[in-house]
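Next come the chains, spelled out residue by residue.
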Amino acid sequence: GPTIALANSHIVFPDAGFNGKVKYGFEAGITTQTHLSKHFSIEVKALYQWLNAKYPDESDLYNSYLPFHQESIVIPAFLMFKAGEMGMNFYLGFGGYYGYVLKGRVEDLSFNPHQGGINWCIGFQMGKFKISGERRYQLNPLFLGDDVPKARLHSGAVNISYLF
């Protein structure tokens, strides 16, 4: 069924003493779920993701920030554990994701168009409605090139889904 989310993101520089600043974004798409047993299922989403962040300006790493914007198609997949009865279920999921960057804006750097990593979620389902919180941690480089900073995009979202 349809899914919408309010998202946030920030850029992490694992080898440096600084990180980017959090900004907000949006996700929309569809969610599918296949039940494996009473307590386990596989959930896959296809999302259009619109993210913003700020990253440090090289001229003043701790006080000046530049805008970052990225629009992607993202496919997160989760192995879900479900607990609960009587029309209300709580769940916890772990998995991975793949994202393809459609367009973006960042000064003097080239995006890696293929992005992927790990993700997890926690939430509940009441009837056909599902509300969850998700986190995604990019494992491969955010930017391409030899002389670019090692950076990863971390994002989170609060989702509302309607399951048919």
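See the structure shown above.
Notes on the structure follow. It should be emphasised that the depicted structure is a prediction, and the values quoted were computed from it without experimental measurement.

## Quick notes on the overall build of the protein
In step 1: For the protein, the count of helices and strands is zero helices and ten strands.
In step 2: From first element to last, N terminus to C terminus, the protein shows the α and β order β-β-β-β-β-β-β-β-β-β.
In step 3: Radius of gyration (C-alpha) of the protein: 17 Å, near the 15 Å computed for a compact globule of 164 residues.
In step 4: For the protein, the spread of C-alpha atoms along the principal axes amounts to about 60 × 25 × 25 Å.
In step 5: For the protein, the proportion of its 164 residues judged to be buried stands at 42%.
In step 6: When contacts within the protein are restricted to residue pairs at least 6 apart in sequence, long-range pairs at least 24 apart make up 59% of them.
In step 7: Accessible area of the protein: about 8,700 Å², with a carbon and sulfur share of 64%.
In step 8: Charge centroids of the protein, computed over 14 positive and 13 negative side chains, lie 13 Å from each other.

## A closer look at the nonpolar core
In a soluble, globular protein the nonpolar side chains are often hidden away together inside.
In step 1: One finds I11, Y55, F68, F111, L142 and F143 to be the most contacted residues of the largest nonpolar core, which totals 18 residues.
In step 2: Breaking this core down by element, the ones donating at least two residues are β1 (2–12), β3 (40–57), β4 (60–83) and β10 (152–162).
In step 3: Sequence-distant contacts of F143, that is, excluding residues within four places in its chain, are made with I11, F68, V106, L109, S110, F111, N112, V148, P149 and A151.

## A word on the layout of surface pockets
To find leftover empty space, one rolls a probe the size of a water molecule over the atoms.
In step 1: There is about 260 Å³ of room inside the largest pocket.
In step 2: What lines the largest pocket is a set of 14 residues, and nearest its centre among them are Y55, P56, E58, L109 and P149.
In step 3: Taken together, the elements giving at least two residues each to the lining of the largest pocket come down to β3 and β4.
In step 4: The biggest single contributor to the lining of the largest pocket is β3, with three residues.
In step 5: The residue makeup of the lining of the largest pocket, split by class, is nine nonpolar, no polar and five charged.

## What about the sheet that holds strand β2 (residues 21–35)?
In step 1: If you walk around this closed barrel you meet the eight strands as β1-β2-β3-β4-β5-β7-β8-β10, and the pairing is antiparallel. Here the strands of the sheet are splayed against their neighbours by 25° on average, with no regard to which way each runs.
In step 2: Pairing of strand β8 (residues 129–138) with β10 involves nine bridges; the strand directions are antiparallel. Opposite F129, over in β10, you have Y162 as the bridge partner.

What counts and how
Residues numbered from 1 in each chain as written. Predicted model: local features only at pLDDT ≥ 70, side-chain atom pairs only at ≥ 80, totals over all residues. Heavy atoms only, no water. Helix = DSSP H or I, 4+ residues; strand = E, 2+ residues; numbered from the N terminus. Rg over C-alpha atoms; globule rule 2.2 N^0.38 Å. Buried < 20%, exposed > 50% of the residue type's maximum accessible area, 1.4 Å probe, protein only. Contact = heavy atoms within 4.5 Å. Areas by Shrake-Rupley, 256 points an atom, 1.4 Å probe, with all protein chains shown as cover. Lys, Arg positive; Asp, Glu negative; His and termini not counted. Charge placed at Lys NZ, Arg CZ, Asp CG, Glu CD. Core = buried A, V, L, I, M, F, W, Y, C linked by side-chain atoms within 4.5 Å. 1 Å grid on protein atoms, 1.4 Å probe; cavity = no way out; pocket = protein on both sides within 12 Å on 5 of 7 lines; lining within 4 Å. Points joined across faces, edges and corners; volume = space filled by probe spheres on them. Nonpolar A, V, L, I, M, F, W, Y, C, P; charged D, E, K, R; others polar. Pairing = 2+ DSSP bridges. Axes fitted to C-alpha atoms, helices over the stretch in contact; angles between N-to-C directions.

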